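Here is what each chain is made of, one letter per residue.
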Amino acid sequence: NMRSFYKNNDKKQDPVWKKRFAQLQALGFEWEVNFSVEDVWQERFEELCVYKEANGDYRVPLKYEKNKKLGNWVSTMRSYYKQHDKKQD
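Residues numbered from 1 in each chain as written. Predicted model: local features only at pLDDT ≥ 70, side-chain atom pairs only at ≥ 80, totals over all residues. Heavy atoms only, no water.

## Topic: the overall build of the chain
Threshold: Numbered from the N terminus, helices here are DSSP runs of H or I no shorter than four residues, and strands are runs of E no shorter than two. Only protein chains enter the accessibility calculation, which uses a 1.4 Å probe; a residue whose area is less than 20% of its type maximum is buried, one above 50% is exposed, and one in between is partly exposed. Any two residues having at least one pair of non-hydrogen atoms within 4.5 Å are treated as being in contact. Every accessible area reported is derived by Shrake-Rupley at a probe size of 1.4 Å, with residue values counting cover from the shown protein chains alone.
Secondary structure assignment for the chain yields four helices and zero strands. Per-residue burial over the chain gives 19% buried out of 89 residues. Residue pairs at least 24 apart in sequence account for 25% of intrachain contacts in the chain once pairs closer than 6 positions are excluded. Counting every atom, the chain has about 7,600 Å² of accessible surface; 51% of that belongs to carbon and sulfur.

## Some thoughts on the side chain of R44
Convention followed: We call two N or O atoms a polar contact when they sit within 3.5 Å, provided that within protein one can donate a hydrogen and the other can accept it, with sequence-adjacent residues counted only if both atoms are side-chain atoms.
Following the sequence through the fold, R44 ends up in helix α3 (residues 37-55). Judged by relative accessible area, which is 9%, R44 ranks as buried. A polar contact is formed between the side chain of R44 and the side chain of E43, at a distance of 3.4 Å. When near neighbours in sequence (up to four residues on either side) are disregarded, R44 contacts K69, L70 and W73.

## Here's the deal with the nonpolar core
How we decide: To form a nonpolar core, buried Ala, Val, Leu, Ile, Met, Phe, Trp, Tyr and Cys residues must be joined to one another through side-chain atoms within 4.5 Å.
The biggest cluster of nonpolar side chains holds seven residues, and these are L48, Y51, V60, Y64, L70, W73 and V74. Elements supplying a minimum of two residues to this core: α3 and α4 (68-88). With three residues, α4 is the single largest residue contributor to this core.

## Observations regarding helix α2 (residues 15-26)
Using the following cut-off: Multiplying 1.5 Å by the helix residue count minus one yields the expected span of that helix. The directions considered for the arc are those from the helix axis to the C-beta atoms.
When the terminal C-alpha atoms of α2 are compared, their 16 Å separation across 12 residues agrees well with the 16 Å that a helix rising 1.5 Å per residue should span. All buried positions along α2 are accounted for by W17, F21 and L24. The buried residues of α2 occupy one face: seen down the axis, they fall within an arc of 55 degrees. Summarising the geometry of α2, the exposed residues directed more than 90 degrees from the buried face are P15, K19 and A26. One or two positions beyond α2, positive phi appears at G28, with a value near 90 degrees.

## Describing the confidence of the model for the chain
Here is the rule: Confidence of the prediction at every residue is given by pLDDT, a number between 0 and 100.
Chain-level pLDDT for the chain is 85 on average; 83% of the residues reach the 70-or-more range. No element of the chain has a lower mean pLDDT than helix α1 (residues 2-8), which averages 58, and none a higher one than α3, which averages 95.

Quick look at the structure:
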């Protein structure tokens, strides 16, 4: 992604890239974005609630076209639950 490219690349000195980075900065582009795990979890949880309202269930497909992050998150939550459940036995 562009943030990691900017942080980890010597192209900052390349005239073409200097111009591109300047254009992004002029827009107010944030180079450092810190999302907490809790913020992301809460956002996906809320998206899951919206999905339930629209679809009547929580069976979000892994490759859910409307929200791929939600599909991945639901799959991950199920995996975590299964791992946790096995540890309880």
